[in-house]
Amino acid sequence: MSLAPPAIFPSTAEFPVLLSVPHAGRDYPEWLIALCKGGASALYALEDPLVDDLVETTVDKGFGAVIARAPRAAVDCNRAEDEIDPTVIRSGPIASLSPRARGGLGIVPGRTASHGPLWRQAIPRHELEERLAQAHRPYHKAIEDALRRLLDTFGCALLLDCHSMPPPEEGPAIVIGDRYGQSAAPWVTTDAVKIVTSLGFRAGVNQPFAGGHIVQRHGAPARGIHAIQIEIDRRCYMRPNLVGRGPGFGKVSRLFEQLALRLGQHLLDRRFSEAAE
């Protein structure tokens, strides 16, 4: 029972920016599908579809990236290791459940809105440990290593954690999350919103997505490491039936590229300005 490690793309660009794509993994082992009551189709609902493809142009320009290949259904790289739902993992007494684990979206998701409970039975704790060792911990180590290299090279770094969201009934098409100012300096979020709106999208900040474990864990603005989560309404880049690429795919792909280029340049400009003072 094994899971694919993340795909790691070293940075060759002249900008201190790293991309993270934790929920686009599509390497489904047969054993995982067999554990699911609804089969593979029930697990696909957990994906951020095609987000790895959306960032491909940006990666081709030399920006570093860490992209999950193991599916979110097996282990969620955007959750902390202790976000355990005891109905999914047999782990003994748990002091308190996080709101996400309580809602069925812990380190191993337990349910989806469309399919309800996912698993035939709870898994033992040692199996969770194997999943963490194979996919979750390598994902975060790759981010830590890449950010450290950017910080050593440029004196600053920016992590763009890339996601998509089901179409909301109302609200912005793009949501920038910075943990209410904890994972990035305010100017980073402000500039990100300006870039998003300049490309014709309606932008929001921290509602309804303020950022998950990845930006919380890796963002450290006081040390010069900023991290923001980017959520894209799937209607922006998929067909109306939300299957396959739609006419807006290229525009959203360009959005990621522009965020990396322009925020990266702004980060360097501020760094050089501060150094000259």
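Residues numbered from 1 in each chain as written. Predicted model: local features only at pLDDT ≥ 70, side-chain atom pairs only at ≥ 80, totals over all residues. Heavy atoms only, no water.

**Observations concerning the nonpolar core**
Grouped together as the largest cluster of nonpolar side chains are 65 residues, with contacts concentrated most on Leu 160, Ile 174, Ile 232, Tyr 237 and Leu 259. Ranked by the residues each element gives to this core, the list is headed by helix H9 (residues 249-276), at 9 residues. Among residues more than four places away in sequence, those in contact with Leu 259 are Leu 160, Ala 192, Ile 195, Val 196, Ile 230 and Gly 264. The next biggest cluster of nonpolar side chains, apart from the first, holds 23 residues, and it includes Leu 32, Ala 42, Ile 84 and Leu 118. (Core = buried A, V, L, I, M, F, W, Y, C linked by side-chain atoms within 4.5 Å. Buried < 20%, exposed > 50% of the residue type's maximum accessible area, 1.4 Å probe, protein only. Helix = DSSP H or I, 4+ residues; strand = E, 2+ residues; numbered from the N terminus. Contact = heavy atoms within 4.5 Å.)

**Here's the deal with the packing of aromatic side chains**
Tallying each qualifying case throughout the model produces 3 aromatic pairs. With centroids separated by 5.9 Å and ring planes inclined at 20°, the aromatic side chains of Phe 15 and Phe 63 adopt a geometry described as stacked. With Phe 15 in the loop between strand E1 (7-9) and strand E2 (17-21) and Phe 63 in the loop between helix H4 (56-60) and strand E3 (64-67), this residue pair connects regions lying 48 residues apart in the sequence. The class for Phe 63 is buried, based on a relative accessible area of 1%. Ring centres of Tyr 237 and Phe 249 lie 6.5 Å apart, and the angle between their planes is 65°; on these two criteria the pair is classed as edge-to-face. Placement of Tyr 237 in the loop between strand E11 (225-233) and H9 and of Phe 249 in helix H9 is noted, with a sequence separation of 12 residues between them. Across this residue pair, the class does not change: Tyr 237 and Phe 249 are buried. Over the face of the ring belonging to Phe 249 we find Arg 245, whose NZ or CZ atom lies 4.1 Å from the ring centre. The ring of Phe 201 is capped by Lys 251, whose NZ or CZ atom sits 4.6 Å from the centre of that ring. (Phe/Tyr/Trp six-rings, centres within 6.5 Å; stacked < 30°, edge-to-face > 60°. Lys NZ or Arg CZ within 6 Å of the ring centre and 35° of its normal.)

**Describing the sheet that holds E2**
The sheet built from 7 strands is open, its strands ordered E1-E3-E2-E8-E11-E9-E10 with mixed pairing. Strand pairing shows two members of the sheet lacking a second neighbour, E1 and strand E10 (203-205), which therefore form its edges. Averaged over all pairs of adjacent strands, the angle between their axes in this sheet comes to 20°, without regard to strand direction. In the sheet, E2 pairs with strand E8 (residues 157-165) via 4 bridges, with the strands oriented parallel. (Pairing = 2+ DSSP bridges. Axes fitted to C-alpha atoms, helices over the stretch in contact; angles between N-to-C directions.)

**Focus on the pattern of salt bridges**
Tallying each qualifying case throughout the model produces 15 salt bridges. The residue Glu 129 makes a salt bridge to Arg 137 at a minimum N-O spacing of 3.2 Å. By relative accessible area, Glu 129 is classed as partly exposed at 29%. What makes Arg 137 partly exposed here is its relative accessible area of 34%. (Salt bridge = Lys/Arg side-chain N within 4 Å of Asp/Glu carboxyl O.)

**A few points about the environment of Glu 81**
Considering the arrangement of structural elements, one finds Glu 81 in the loop between E3 and strand E4 (89-90). For Glu 81, a relative accessible area of 28% puts it in the partly exposed group. Spatially, the C-alpha atoms of Glu 81 and Thr 58 are 30 Å apart, while their sequence positions differ by 23 residues. Not counting the four nearest positions on each side in its chain, Glu 81 is found in contact with Ile 107, Leu 132, His 136 and Arg 137.

**Considerations on the side chain of Asp 85**
Structurally, Asp 85 is set in the loop between E3 and E4. Despite its burial, Asp 85 remains without a salt bridge, the nearest opposite charge being carried by Arg 111 at 7.6 Å. A polar atom in the side chain of Asp 85 sits 2.7 Å from the side chain of Thr 87. With near-sequence residues (within four places) excluded, Asp 85 lies in contact with Ala 101 and Gly 104. (Lys, Arg positive; Asp, Glu negative; His and termini not counted. Polar contact = N/O pair within 3.5 Å; in protein donor to acceptor, adjacent residues only side chain to side chain.)

**Structural notes on the environment of Leu 159**
Residue placement: Leu 159 occurs in strand E8. Separated by 99 residues in the primary sequence, Leu 159 and Asp 60 place their C-alpha atoms 17 Å from one another. With sequence-adjacent residues up to four places away left out, Leu 159 is seen in contact with Leu 18, Leu 19, Ser 20, Ile 143, Leu 147, Ile 214, His 218, His 226, Ala 227 and Ile 228.

**Observations regarding the side chain of Thr 112**
Mapped onto the fold, Thr 112 is located in strand E5 (residues 111-112). Residue Thr 112 is classed as buried on the basis of its relative accessible area of 8%. Of the polar contacts made by the side chain of Thr 112, one reaches the backbone nitrogen of His 115; its length is 3.0 Å.

**Remarks on the pairing of strand E9 (residues 174-177)**
Of the two faces of E9, the one holding Ile 174 and Ile 176 and the one holding Val 175 and Gly 177 are both buried throughout. Sheet topology places E9 next to E10; 3 bridges connect them, and they run parallel. Counterpart to Val 175 in the pairing with E10 is Gly 204. Handedness of the crossover joining E9 and E10 through helix H7 (residues 186-198) is recorded here as right-handed. With 4 bridges joining them, E9 and E11 adopt antiparallel strand pairing. Following the sheet pairing, Gly 177 is matched in E11 by Gln 229. (Right-handed = clockwise from strand over helix to strand, strands pointing away.)

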